[in-house]
Amino acid sequence: MTNHDANHDELIMAQFSKQAIPFSTIADHSDQAIFNLIINTSKITAQDKVLDVACGPGMMSLAIAKHAKAVTGIDKVPAMIERVQQLQSEQGIENIDWAVGDMYNLPYPDNSFDVVITRYSFHHLLYPLKGMVEMKRVCKNGGRVSIIDVAPLPESQKGYNQVEKLRDPSTTKALTPDQFLSLAEEAGLKNIDNKYYKLPREIEDQLANSFPNPGDDQKIRELIKADLGQNNTGFSPQMIEGKIYMNYPQIIMVCQK
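Just so it is clear, the model here is predicted, and its values are computed rather than measured.

Caption draft 1: Local environment of the overall build of the protein chain. A tally of helices and strands in the protein chain yields nine helices and eight strands. Taken against the 2.2 N^0.38 rule, which gives 18 Å for 257 residues, the C-alpha radius of gyration of the protein chain at 18 Å falls within 12% of a compact globule. When its C-alpha atoms are laid out on the principal axes, the protein chain stretches across 50 × 40 × 40 Å. Contacts in the protein chain between residues at least 24 apart in sequence constitute 74% of all its contacts with a sequence separation of at least 6. For the protein chain, the computed accessible surface area is about 11500 Å², with 51% contributed by carbon and sulfur atoms.

Structure representation (structure tokens):
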């Protein structure tokens, strides 16, 4: 592992150990309509074994478990797995198991799962192609690989990444929709469906659940306020009843192995 890789791992651990509980309490991250869109687009059925890679505090895993035969959630941050085990116990869902592990080296044999899915992981990856190839490896032939992530358009990608790296220093780079599709092709996956939507977040709520470096929260406020009516950041910021909302551009990309 290079020093760069090690430093990035430290950022991931630091950020997401702190975010385990705040992330799981954000209502927008547990929106049932969005979960339904993900489940339907990914064609998850009651016969499917599903792997949720970089599952975080497991809100998506728990939602999928109500529709699938079995779900396995894996995340490299132990605090995230501890949080999701608590949520699982509270909800009384039994068809899920959990593991601590790295998405670059998933501890499962080839062709293990009908659906391999991940949400909000790729903009944290130093090696997104390696992550996608590993997801493909553990997916069964004919199965689906689904990636849900932020996906700014090319003209606003630079501005988007500037804001998000300030908000979350573990961010590497948000990919555009075309970059996701190119990655899938390079990984040897067949793209079969894509859905796009925006996730609104009031800026102060978002900052309250984030851990930017000191002073960077004010830089974000200034960048987003200056972008009202412009959309150079890709957030399509809006002023609604005196509050500023950031609209996160999202992609659901479903591919077949």
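Caption draft 2: Inspection of the pattern of salt bridges at higher detail. For the structure shown, the criterion picks out nine salt bridges. Residues D216 and K219 are paired through a salt bridge, measuring 3.4 Å at the closest nitrogen-oxygen approach. Of this pair, D216 and K219 both sit in helix 9 (residues 216–226), three residues apart, roughly one helical turn. In this structure K219 comes out as partly exposed when scored by relative accessible area, which is 44%. By sharing partners, the salt bridges in this structure join D110, E134 and R137 into a single network.

Caption draft 3: Seen up close, the pairing of strand 8 (residues 243–256). Within strand 8, eleven of the 14 residues are buried, which leaves it mostly tucked inside the rest of the structure. Direction of pairing for strand 7 (residues 238–240) relative to strand 8: antiparallel, over a ladder of three bridges. The partner of I240 across the bridge, within strand 8, is K243. The hairpin turn running from strand 7 into strand 8, its antiparallel successor, is two residues long, and E241 in that turn takes a positive phi close to 50 degrees.

Caption draft 4: Examining helix 5 (residues 128–138) more closely. Buried residues of helix 5: P128, G131, M132, E134, M135 and V138, and no others. Each buried residue of helix 5 sits inside an arc of 160 degrees when the element is viewed along its axis, so together they form one side. The inward-facing, buried residues of helix 5 abut strand 1 (49–53), strand 4 (113–119), strand 5 (139–150), helix 7 (177–186) and strand 8.

Caption draft 5: Representation of the side chain of T118 within the structure. Residue position: T118 is located in strand 4. Owing to a relative accessible area of 1%, T118 belongs among the buried residues under this scheme. Polar contacts involving the side chain of T118 include one to the main-chain carbonyl oxygen of V53, which spans 2.7 Å. Other than its neighbours up to four places away in sequence, T118 contacts D52, V53, A54, M60, M135, S146, I147 and I148.

Caption draft 6: Focus on the packing of aromatic side chains. Under the definition given, this model contains six aromatic pairs. With 4.6 Å between their ring centres and 25 degrees between their planes, Y160 and F235 make a pair best called stacked. Of the two residues, Y160 is situated in helix 6 (residues 157–167) and F235 in the loop between helix 9 and strand 7; the sequence distance between them amounts to 75 residues. Here F235 falls in the buried class, since its relative accessible area comes to 0%. Members of the aromatic cluster, each reached through a chain of ring pairs, are Y160, F235 and Y248. Seen from the ring of Y104, K130 lies directly overhead, with NZ or CZ sitting 5.1 Å from the centre.

Caption draft 7: How the structure looks around the packing of helix 6 against helix 9. Packing of helix 6 against helix 9 leaves a shortest axis separation of 9 Å and a crossing angle of 155 degrees. Compared by their axis directions, helix 6 and helix 9 come out roughly antiparallel. Between helix 6 and helix 9 lies a crossing of left-handed hand. Contacts between helix 6 and helix 9 involve Q162, V163, L166 and R167 from the first element and D216, K219, I220, L223 and I224 from the second. Classifying every residue of the contact of helix 6 with helix 9 gives five nonpolar, one polar and three charged.

Caption draft 8: Region of interest: the environment of D48. The topology assignment puts D48 in the loop between helix 2 (32–41) and strand 1. The spacing of D48 and H67 is 19 residues in sequence and 8.6 Å in space, taken between C-alpha atoms. Contacts of D48, omitting those with residues within four sequence positions, involve K43, A68, K69, A70, D114, V115 and R144.

Caption draft 9: Summary view of the state of the cysteines. Following the criterion strictly, the structure yields zero disulfides and no others. As a non-bridged cysteine, C139 has C255 as the owner of its nearest cysteine sulfur, 10 Å distant.

Definitions and limits used
- Residues numbered from 1 in each chain as written.
- Predicted model: local features only at pLDDT ≥ 70, side-chain atom pairs only at ≥ 80, totals over all residues.
- Heavy atoms only, no water.
- Helix = DSSP H or I, 4+ residues; strand = E, 2+ residues; numbered from the N terminus.
- Rg over C-alpha atoms; globule rule 2.2 N^0.38 Å.
- Contact = heavy atoms within 4.5 Å.
- Areas by Shrake-Rupley, 256 points an atom, 1.4 Å probe, with all protein chains shown as cover.
- Salt bridge = Lys/Arg side-chain N within 4 Å of Asp/Glu carboxyl O.
- Buried < 20%, exposed > 50% of the residue type's maximum accessible area, 1.4 Å probe, protein only.
- Pairing = 2+ DSSP bridges.
- Arc of directions from axis to C-beta.
- Polar contact = N/O pair within 3.5 Å; in protein donor to acceptor, adjacent residues only side chain to side chain.
- Phe/Tyr/Trp six-rings, centres within 6.5 Å; stacked < 30°, edge-to-face > 60°.
- Lys NZ or Arg CZ within 6 Å of the ring centre and 35° of its normal.
- Axes fitted to C-alpha atoms, helices over the stretch in contact; angles between N-to-C directions.
- Parallel < 35°, antiparallel > 145°, perpendicular 65-115°, else oblique.
- Left-handed = near helix turned anticlockwise from the far one by under 90°.
- Nonpolar A, V, L, I, M, F, W, Y, C, P; charged D, E, K, R; others polar.
- Disulfide = S-S within 2.5 Å.

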